[in-house]
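# What the coordinates show
Listed below, chain by chain, are the residues.
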Amino acid sequence: MAAKTILIIGATRGTGLEIARLLSVRGDDVLALVRPGPSRTALRKLNVRIFEGDAFDRASIDAVLADHTVDAIVTSLGGKRGEPRVDVPGTQNIVA
């Protein structure tokens, strides 16, 4: 199978981080859109290209997609308790 370019939004922990790990091991070109602040330590250990941005900000998503042709986008958006939930508005920005 030929390597794919895959953008993951929500890749700093949990399911998104595990998907990044699996795709990286498989040999895919993995891009990750990461909010300012969250730890990137685990992603830096993988062969993942990290871009700073926020799914709440459609321009952040547009900027990555303007410079890279991707075969797929994986979203693992969620949030911690007490944080604004990004899953619905973030997904709407990705689709737009």
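Overview of the structure. (Residues numbered from 1 in each chain as written. Predicted model: local features only at pLDDT ≥ 70, side-chain atom pairs only at ≥ 80, totals over all residues. Heavy atoms only, no water.)

## Considering helix 3 (residues 58-67)
For clarity, the threshold we go by: The cut-offs for exposure are 20% and 50% of the maximum accessible area for each residue type, with area from a 1.4 Å probe on protein chains only; residues under the lower value are buried, those over the upper are exposed, and the others partly exposed. The helix and strand labels rest on DSSP assignments: H or I over at least four residues marks a helix, E over at least two residues marks a strand, and numbering proceeds from the N terminus. Picture the helix axis, draw a direction to every C-beta atom, and the arc is the one those directions span.
Listing the buried residues of helix 3 in full gives Ser 60, Ile 61 and Val 64. Seen end-on, helix 3 carries its buried residues on one side only, within an arc spanning 95°. Exposed and facing more than 90 degrees away from the buried side of helix 3 are Ala 66 and Asp 67.

## A closer look at the environment of Thr 69
For Thr 69, the position within the fold is in the loop between helix 3 and strand 4 (72-75). On the accessibility criterion, Thr 69 (71% relative accessible area) is exposed. Counting along the chain gives 22 residues from Thr 69 to Asn 47, while the straight-line C-alpha distance between them is 18 Å.

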